[in-house]
Structures are given as C-alpha cells and as structure tokens.
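So the chains spell out like this:
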Amino acid sequence: MTTNSQVIYLKDYQVPVFTIETTDLDIRIGDEYTSVVARLKVKRNPASNNPSSELALQGGKDIKLQEVMMNGLILDASSYDLEGSVLSVHQCPDTFELTTECLIQPQLNTSLEGLYKSGGMYCTQCEAEGFRNITYYLDRPDALSIFTTRISADKTTYPILLANGNPLEHGDLDNGEHFAVWHDPFPKPAYLFAMVAGDLVRQDDLFTTQSGRQVDLQIFVEAHNSHKCDHALSALKRSMLWDEQKYGREYDLDLFMIVAVDDFNMGAMENKGLNIFNSDCVLADPATSSDATFERIEGIVAHEYFHNWSGNRVTCRDWFQLSLKEGFTVFRDAQYTSDTYSAAVKRIEDVTLLRTHQFAEDAGPMAHPIRPASYMEINNFYSVTVYEKGAEVVGMIHTLLGAELFRKGSDLYFDRHDGQAVTTDDFVAAMADASGIDLSQFKHWYSQAGTPTLEVTDTYDAANQQYCLTIEQSTPATAECQEKSPFHLPLRMALLDAQGLEMPLQLQTGGMVQGHNCVLNITQARQTFIFEGINEHPIPSLLRGFSAPVKLNYAYTQTQLLLLASKDQDGFSRWEACQRLLIEATRQAMSATTDYHLDEALVTMLRSSLVDEALDPAMVAKLVQLPSEAYLAETQATVDVDQIHTGRETMRLAIAMALENELLACYQRCHNIGSFSQTGEAIGQRALKNTCLGYLNTLNKASYQTLAQTQYALQANMTDVGAALSILIGQKNADLSTPLLADFYQRWQGDAQVLGQWFAMQAGANLRGRLGHVKALLEHPAFDLRNPNKVRSVVGSFMRSAINFHAADGSGYEFVADMVLRLNASNPMMAANLAKPLGRFKRHTLGRQQLMQAQLQRLHQTELSKDVFEVVSKALTNR
Ligand code: B3K
Ligand code: ZN
C-alpha cells in the first residue's frame, strides 16, 4: 500500500491566487550539491477571488530548503511552513519578490524528472511536474512566467551551458568555472523550462522564415554521435517550412536547439527553444539506423517542433487538458507525414496503433476520456488515449469542417489564445466559431471514454431505386460513465457497383456529398440515411480513411470484401477489406483441427498484390501482412493467446506454401535494386522484400535460411540486416542466429542505439519459452536498469511476445511484476508503464486472469509509488 494516493479532480480547478511575472534562476552546479536560487516577482492574480494571503509553492521530496527571503529580507521560520513538500509563505502582500535557495543532488535523481544526470551531462525533464524537484514553485501549467536562467559549472567538464531562449552573456569565473545567462522572452509554464550542462559537440544549420528572419538551428550531441545529426536537422527544416505553409505558423526565437540525451523516459520534450530528445529518437545515420528509425525520428522532430505553437504559445490550463496540445500535435505531425510521404501507408500505421493499443486501453481498467476527469498521477495519462485518440478527435473536427474551415478555426484558436493557458473547450469553441458548425454534441468525445461500435445494416429497394443505410451506435460502460450519450461523428463512405466503380451519390439528408464520397453526420443512437437514384444493390465502402475511432460491423460477404480489396479507390479501405478477410481466415485457422487449407480466393487476392508492380511496394507490404497477434486479440471476446499464436502461425505457413514462387520472385525483384537509397520507393521495396523473406522462412527450408544469412552478410543497410537477423532468431534452430548475434554484437557494441536493437530482437523473439534468455540479457554487462531505452528493449520487447508474457505457468507475469518492483522506487514512471498490461486481465481466459491478479495483489501489498499504485489499484477495482 502507498500512503500518498490523493485523487485530483478537474471539477476542483481554481485559478492560482498569485502569479509569478518573472523567474530568475541562478543554478550553480557542484560535485555534491547543486544550488538553486530562485528570485520570483510575485503578484496577486486579479482573476482569482480567493482573498488568502498565503502563497503555496510545490516542491519535491529531495530538495533542501536553505533560505527564504521576501523583498530582500530573510524570513524567519514563523513566516512560512514546510509541510509535506509544500512551502507556504504567510501574509504575502499583493506584490513582492520572493527568493528561495535550495540544494539538490541531480546525480542521485534516478526518476529522470527534474534536473538529473545522464552519463556525464546534466539535463532536465520538467513535464509534467518535474520542475518542483528543482525549486519551490507554482508548478502548474497555467502559471506563466518570463524566465532568465544563469548556470555556472566547471568549464572543463561542462563546457556547454544551455537554457531556454536566447543567450544573454557568458564568461569565466575563478576556480575553473564558467557561467552562461539565458533569457526567454516568451512567458511559459515551468513544465517548459529546460537546461543542459555537458561536454557536447554542435552541428549547425540555418532556416529563413517566411517573413525573412534567420533562425540558427543547433543540435548538441556527444562527440561520438556527431555523424548522426543530419537527418534530424533536415527533418526540422522540412517541419518548419510545412508549419508555415499548412498552418501559417512561423518560429519565434532566433535560435532553436536540440540536445540528445541517452537516459530519457519518453521520446522527446518540446521545451521552449531547447528541445531535449531521447538519443534513440533523434540520432540516425544510414549505416546504423533502419528505415523505421528514420521515419520515427522525422515524426518526433516534427511533433516537438509543432508544439512550439500547439503547446507552447498556446498551452494547457491544467493537466486534464493534456490532449489540447498532445491530440492536436499528433494530428499535426500525422498530417505532416502524410503530406511528405505516403498518406495511405501512414493512415494504416496510425489506425493499427490505435486499434491495437488504444482500443485495449479503452476496454481496460485505466480507460479514460481524452480529457480525464480525475487522476492520481498525471504521468499515467500520457496515454495512447490522450495522444492517439485525441488526434482522431481533432481529425474528426477536420473531417466535419473540411480543410478550409479547419484552417480558419486553427487561425482563430492561435490568435485568440496566443500567450494563454486554455482548455479543450476553448479549442472546440474556436473551431465552432470559425466554421459556424455546431460542435456541442461533438464534445462528448472529450468526456466519455470507451470505443463506440457502429452496427450497420442496409436495404435496397429496386423499384424505387433507393438504398437505405441504418447505423446504430453503442458504447460500453466505463468506470467514469455507465450510460453514454450518443457521439457525433463523421462517417466517410462511398457506394461501389458490381464492377467496383464508385456510384454517383444523391443523399436525401444527413450528410455532405463530395463527388463520389459522402460524409454522413452521425448524431443519434439509431439513424437511417437514404440514397436516391441507385440502380443496383451497391457495395458500401464504409468508414473510409477510418473517419472515426470506432468499431464498425457490417455483414459483408466474402465476395463483397474481395471486390473492395481489389477495387476500392480509398487506399485505407482497400487494406481494411483485405484485413477483414485475413482476420476471418485466421479465425478459421485457429479452430482448424486437421491441415488448414487456405481459401483459393484469398490466395488469388494476395497473389495479385504481390505481382502488381504498379502498386506502391510499401502498400503491397501492408496488404499482404497478417494482423498482429495483439490486434487479433482485440477481435476476440475472450483472448486465447495460444489459439491466436497457433492460428496465425498456421496462416503464415499456408500463405508461404501457396505463394512460395511469388514471394521469392517479389523478394528478388525488390532485393536487386542497386545501391542503397532512401527514396520512398526504395524504402517500400525493403519493407516488401523483408515481408516476403519472413514468409519464406516459415517454410523451414535451408535455401531460404541461406537467403537470410546472405542478406545479413551483405551488411547493406540496417533495415536489411535487422530484418534478416530477426527472421533467423525466429527460427526454432538457434544455431542459425547464434553466430550472427555474436557478430552483430562485435560490430556494434560501441553504439548504444544499435545495441538497443540487439537486445530488442532477442527479447522480442516470438518463440515459446524465452524467459530464461530474457533474464540472461538482464545480466549482460551492456544492460543497465537505469537506462529506460534498455528496459524498453528487453522488458518491453519481451512483453510484446504474448506467448511469453502470457505463458500459461504465469512465469511471464511474475517476471514483469518483479521488474515493476525493481523500478518502483527508482523510476516510478517506467514501473507504472510496465504494470499497465498486467491490469488488463479481464479479457483473458480464467486461468490467466487468476495468475495476473495474483501478481497485482502481490504488488498491492508492497509500498508503491503513486504511479504504480494508481495502475494497480484501478486494475483491482475497475474490473
Ligand atoms: N510533451 C512530452 C511528453 C512529456 C511526458 C511527461 N511524462 C513529449 C511530447 O508529447 O511531445
Ligand atoms: Zn507531444
């Protein structure tokens, strides 16, 4: 049990009684202690009607308060209280200067929140509530202040000293130290504060904004990574240009800095003018990084950059509004990626992520609306719901308004709220005001959790040439709300004739027709839409582009799906039809008692994609890939991990047997494309050929094993090397991969990022009985429990293999609970993330439910951090 599990409610929000106009920090880094002097210009907040004269500042449990001064005079102990971690200063006047001096020990900070040491450098992570570990402060996002930061440290060990904004001055001090002063003219909440002190090298670039201002772009990395900055810099410039063109948003400081840090809990952080990145999410070069890494980095660089407007210039009033900045920014980065690369492939990837992980969260004990109504620990709400579902909700507004009105809405939002801390209601109001479209019912998306299901039925009246679609929506109860009001959602659709051609649409009422596409305005629990002038029974292409985050059921026949899979002009829907067929076939394979035989129609469908050289190879790879085990689990009422694994393996083998020649031909066609390049075409060809190589190696033939070994030996690029090695690790005969793993380690042991891949490939192998191997990896000298990337590579990858995490004897659960306990005190945020999947026991077979609950009980009996306590207690309560 934990002692500190207070619940915070959105309904209790109150504006701060005092505001801090300016914040002057003097941070002196010393070997044992770092001293932090904070000089705050405090003023009574005219927006507050609370008459209290007490200023309450939050602090962390490890800061040592040395002194408090008001207007230059030292306060005696009776003038303030230090209770728990709150500093309360009594009898404050309406305007005053408060100065505190604290001592902290960043080198002992393993939670990686606040100021901490990563390798030889000092760096910060303040979102959400890390700043309070640096000094006593109004650590809440609606307290905006202008920051000036002076840092001093030993000059030889920490030659680079950085903070937000622009450099004001720097110089040498005696005793080998130096200092730098930074000033950020934009008022910001403390969560956007950042500083860095370290021995780093810099790579520079320039960007000229649309109004002709020159912005210096700088990336700081450790010297051995200096060759890995080019991609992030070019992605940054592309993002800056895109945000000007698409949203009219220009960068506002003269300098934009990125620092790469090895020990980081998440991907990156959008601190004003000084983004801090997990090394894995910013460093890349073609020799050591796969195509997927390049793509991920580009998306994250764009995301953090876009936050400069959606998050920093307009920020959140409180942490319940997190999706205001995260949902909108994920939506913006997805638009950027679609505009820059293949829109259909990006959509498929995003929907896959959403349906696999967000739908699972929405159906589990941690289910919450994109604007939660309460929390114990806000770090637990940086979730797929707030981010990915949040982005879908913004996407639905985009669909309902259309691109032009959406842009009008975003302009109004940024103009109206520049420099403010606002709410999701303010965002929706700007969209509604700019467009004149009523979004009041739409706001249920912000307050109701759970994934709606749409049941779609139809009738065709040949005599009257009328086609009727009836749509019923329902949403399961979740902890915060039993009875759901109907959602307002856009359902994009088209009608296809028997040849697969889109039919002209004439909708009586209830939607918008755009050419041969139509967006139905779903607002009621049950609604019927009538199309006129329809001269044959059409095949509906529903939820095109996945226009709403829902599950949609329509009783498609196999023939209809085959037509959609080959003819639907909407790339997403074409893939979706393929997936529906593959899911159904896999379901049959799961229950097949004798030799499973793949339906000839499916073989033809897959074949036609494999041989279609005119199709984007990245799209072909998506079309022929089976849904993951995790997504198949989402489609089952009760998850049977073994059945899913066996059924899917059976399907893989059946596809390989039926299409061996085509797979090999496709492999060879995509393999022999000349020298390495990073065009979309070449990247797609690598994705496709490695998909083929994976299928071929289910056949257990020496010739295909040799093909993978040869691809590995060629060492042409990290995508091919990684894919070949993973495929060989996935073979039952370990002799095939053991020498290559040793070779890989030999080559890359000096490169932390590549080594992460080495850990992940082994820990994530989807073969039964891997736990012993994974435990051995934890003992490897290169493993480090304090490094979140290594924990994710080993423990996170292990958990993604369902047959291992859910091993029938419960060993996987016990192992994960052990890891949660090992990390609980040192890094609560990481520990809570590992505990979340244990909480979703309800969906599993009875035996597994009991084993998972036993581990949760075991955790519950321990002294837990707030983070882990929230996850565990909700799992045991919200069943
Ligand atoms: N805003 C940060 C996430 C901070 C997470 C704190 N637990 C990165 C991002 O979403 O851009
Ligand atoms: Zn973000």
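Starting from 1, residues in each chain are numbered consecutively following that chain's sequence as written. Chain A is the first chain written and ligand 1 is the first ligand written, with later ones labelled in order. Owing to the predicted nature of the model, reporting of local features is limited to residues with pLDDT of at least 70; listing and counting of side-chain atom pairs is limited to 80 or more, with chain, interface and lining totals taken over all residues. Hydrogens are left out, water is left out, and the side-chain values use all remaining heavy atoms of the structure.

A. Representation of the overall build of the protein. Regarding its fold elements, the protein presents 27 helices and 32 strands. Here the globule rule reads 2.2 Å times residues to the power 0.38, and the radius of gyration is calculated from C-alpha atoms. For 879 residues, the compact-globule formula gives about 29 Å, and the C-alpha radius of gyration of the protein, at 28 Å, lands near that figure. Along the longest, intermediate and shortest principal axes, the C-alpha atoms of the protein span 85 × 65 × 60 Å. Burial analysis of the protein (879 residues in total) assigns 59% to the buried set. The criterion used for residue contact is that any of the two residues' heavy atoms lie within 4.5 Å. Considering only residue pairs separated by 6 or more positions, the protein has 70% of its internal contacts joining residues 24 or more positions apart. Note on areas: these come from Shrake-Rupley sampling with a 1.4 Å probe, and a residue is covered only by the protein chains present in the view. For the protein, the exposed surface amounts to about 33,400 Å²; the carbon and sulfur share of it is 50%. Between the centroid of the 72 positive side chains of the protein and the centroid of its 105 negative side chains there is a distance of 3 Å. For helices the rule is a DSSP run of H or I covering at least 4 residues; for strands it is a run of E covering at least 2, with both sets numbered from the N terminus onward. Note on classification: 1.4 Å probe, protein chains only; a residue is buried when its accessible area is under 20% of the maximum for its type, exposed when over 50%, partly exposed between these limits. Positive charge is attributed to Lys and Arg, negative charge to Asp and Glu, and no charge count is given to His or to the chain ends. Charged side chains are reduced to one point each, which is NZ for Lys, CZ for Arg, CG for Asp and CD for Glu.

B. Broad picture of the environment of F783. Within the secondary structure, F783 sits in the loop between helix 21 (771–778) and helix 22 (788–800). Put simply, F783 and A498 are 285 residues apart on the chain and 58 Å apart in space, counted from C-alpha to C-alpha. Those residues in contact with F783 that sit more than four places away from it in its chain are F759, L777, L778, K790, V791 and V794.

C. Structural context of the sheet that holds strand 16 (residues 195–198). Taken together, four strands build an open sheet; the order of strands is 10-11-16-13 and the sheet is antiparallel. The sheet is open, and its two borders are formed by strand 10 (114–118) and strand 13 (160–163), each paired with just one other strand. For this sheet the average axis-to-axis angle between neighbouring strands, irrespective of direction, equals 20 degrees. By the bridge criterion, four bridges tie strand 13 to strand 16 in an arrangement that is antiparallel. Only strands joined by at least two bridges in the DSSP assignment are considered to pair. Axis angles are defined between N-to-C directions and span 0 to 180 degrees, where every axis is a line fitted to C-alpha atoms and, for a helix, only to the segment in contact.

D. Region of interest: the coordination of the zinc ion (ligand 2). Only nitrogen, oxygen and sulfur atoms qualify as donors, provided they sit within 2.8 Å of the metal or within 3.2 Å for Na, K and Ca; with water excluded from the atoms, sites may seem incomplete. Within the protein, the atoms that donate to the zinc ion (ligand 2) are H303 (NE2), H307 (NE2) and E326 (OE), at distances of 1.9 to 2.1 Å. For the zinc ion (ligand 2), the donor residues sit on a single chain with the sequence spacing H-x3-H-x18-E. Residue H303 shares its accessibility class with H307, and that shared class is buried.

E. View of helix 25 (residues 828–839). The span you would expect from a helix comes to 1.5 Å times its residue count less one. Helix length check: helix 25 (twelve residues) gives 16 Å between terminal C-alpha atoms against 16 Å at 1.5 Å per residue, within 8%. Burial within helix 25 is extensive, with ten of its twelve residues counted as buried. Those residues of helix 25 that fall on the buried side of the exposure criterion are P828, M829, M830, A831, A832, L834, A835, K836, L838 and G839.

F. Molecular detail of the pattern of salt bridges. The salt bridge criterion pairs a side-chain nitrogen of Lys or Arg with a carboxyl oxygen of Asp or Glu, the two atoms within 4 Å. This structure, assessed with the given rule, holds 57 salt bridges. Here K443 and D425 are joined by a salt bridge, their closest N and O atoms 3.4 Å apart. Within this pair, whereas K443 is found in the loop between helix 7 (424–435) and helix 8 (444–447), its partner D425 is found in helix 7, the two being separated by 18 residues in sequence. Relative accessible area serves as the criterion here: at 34%, D425 is assigned to the partly exposed category. Sharing partners across several salt bridges, the network here consists of E127, E270, K325 and E326.

G. Structural context of the packing of aromatic side chains. Aromatic contacts are taken between Phe, Tyr and Trp rings whose centres are within 6.5 Å, Trp giving its six-membered ring; a plane angle under 30 degrees counts as stacked, one over 60 as edge-to-face, and the others as tilted. The tally for this structure, following the rule as stated, stands at 38 aromatic pairs. Ring centres 6.2 Å apart and planes at 45 degrees place the aromatic pair Y375 and F381 in the tilted group. Relative to Y556, the ring of Y554 has its centre 4.5 Å away and its plane inclined at 70 degrees; by these criteria the two rings are edge-to-face. Judged by its relative accessible area of 11%, Y554 is buried. A ring is scored as having a charge over it whenever the NZ atom of a lysine or the CZ atom of an arginine sits within 6 Å of its centre and within 35 degrees of its normal. The aromatic ring of F186 is capped on one face by K272, whose charged end is 4.2 Å from the ring centroid.

H. Highlighting the sheet that holds strand 7 (residues 80–83). Judged by pairing direction, the sheet is antiparallel, and its three strands sit side by side in the order 4-8-7 without closing on themselves. The sheet is open, and its two borders are formed by strand 4 (55–58) and strand 7, each paired with just one other strand. Sheet twist, expressed as the average angle between the axes of neighbouring strands with direction ignored, equals 15 degrees. Examined bridge by bridge, strand 7 and strand 8 (residues 86–89) share four bridges and lie antiparallel to one another. When the sheet's bridge partners are listed, D81 is paired in strand 8 with S88.

I. Representation of the environment of A391. Mapped onto the secondary structure, A391 falls in helix 5 (residues 384–401). We classify A391 as buried; its relative accessible area is 9%. Each C-alpha atom, one on A391 and one on P187, is 26 Å from the other, the two residues being 204 residues apart in sequence. With residues near it in sequence (within four places) discarded, A391 still touches G327, V330 and F331.

J. Quick peek at the site of ligand 1. Summary of the distance rule: residues count as near a molecule or strand when at least one heavy atom falls within 4 Å of that molecule or strand. Ligand 1 sits among 14 residues. The nearest are E127, A268, E270, E304 and Y387. Here a polar contact means two N or O atoms within 3.5 Å. Within protein one must be a hydrogen donor candidate and the other an acceptor candidate, and residues neighboring in sequence count only if both atoms are side-chain atoms. Here an oxygen atom of ligand 1 sits 3.2 Å away from a polar atom, N or O, in the side chain of H307. Within the side chain of N379, an N or O atom sits 3.0 Å from a nitrogen atom of ligand 1. Bound to the protein, ligand 1 loses 95% of the 340 Å² it would expose on its own. Elements with a minimum of two residues in the shell around ligand 1: strand 20 (268–269), helix 2 (291–306) and helix 3 (322–340).

K. Local environment of the packing of helix 6 (residues 403–417) against helix 7. Interhelical geometry of helix 6 versus helix 7 gives an angle of 125 degrees and a closest axis separation of 8 Å. Here helix 6 lies oblique to helix 7, going by the angle between them. Here the hand of the crossing between helix 6 and helix 7 comes out right-handed. Residues L405, F406, K408, G409, S410, L412, Y413, R416 and H417 of helix 6 lie in contact with helix 7, whose contacting residues are D426, F427, A429, A430, M431, D433, A434 and S435. Residues are sorted three ways: Asp, Glu, Lys and Arg are charged, Ala, Val, Leu, Ile, Met, Phe, Trp, Tyr, Cys and Pro are nonpolar, and all the rest, Gly among them, are polar. When the residues that make up the contact of helix 6 with helix 7 are grouped by side-chain class, the tally is nine nonpolar, four polar and four charged. Oblique is the label for every angle not falling under 35 degrees (roughly parallel), over 145 degrees (roughly antiparallel), or within 65 to 115 degrees (roughly perpendicular). For any helix crossing, the convention is left-handed if the near helix is rotated counterclockwise from the far helix by under a right angle, and right-handed if that rotation is clockwise.

L. Representation of the pairing of strand 11 (residues 121–125). Of all five residues that make up strand 11, five are buried, and the element is covered over most of its length. Direction of pairing for strand 10 relative to strand 11: antiparallel, over a ladder of five bridges. Bridging across to strand 11, K117 finds its partner in Y122. With antiparallel pairing between neighbouring strands as the criterion, strand 10 and strand 11 make up a hairpin whose turn holds two residues, including G119 at a positive phi of roughly 60 degrees.

M. Quick peek at unusual backbone geometry. Following E127, the chain continues to A128 via a peptide bond in cis, the omega torsion being 0 degrees. Tracing the chain through its elements places A128 in the loop between strand 11 and strand 12 (145–154). Even without a glycine there, the phi angle at N175 is positive, about 50 degrees. Position of N175 among the secondary structure elements: in the loop between strand 14 (166–172) and strand 15 (177–188). With a relative accessible area of 64%, N175 lands in the exposed category. One non-glycine residue, Q715, lies in the positive phi region at around 50 degrees. Look at Q715 and you get partly exposed, because its relative accessible area is 22%.

N. Up close: the nonpolar core. Judged by nonpolar contacts, the single largest core of 273 residues is most densely connected at F427, L520, F531 and F744. When residues in this core are grouped by element, the largest group, nine residues, is from helix 5. If we ignore the near neighbours within four places in the chain, the residues touching F427 are L324, F328, V394, I397, Y413 and Y446. Take the buried residues of types Ala, Val, Leu, Ile, Met, Phe, Trp, Tyr and Cys, join any two whose side-chain atoms come within 4.5 Å, and each joined set is a nonpolar core. Of all hydrophobic cores here, the second largest spans ten residues; its members include V639, V641, I644 and I803.

O. Molecular detail of the side chain of S435. Inspection of the secondary structure assignment puts S435 in helix 7. A polar side-chain atom of S435 sits 2.7 Å from the main-chain carbonyl oxygen of M431. Side-chain polar atoms of S435 contact the backbone nitrogen of I437, separated by 3.1 Å. Each residue touching S435, except ones within four places of it in the same chain, is listed here: L401 and L405.

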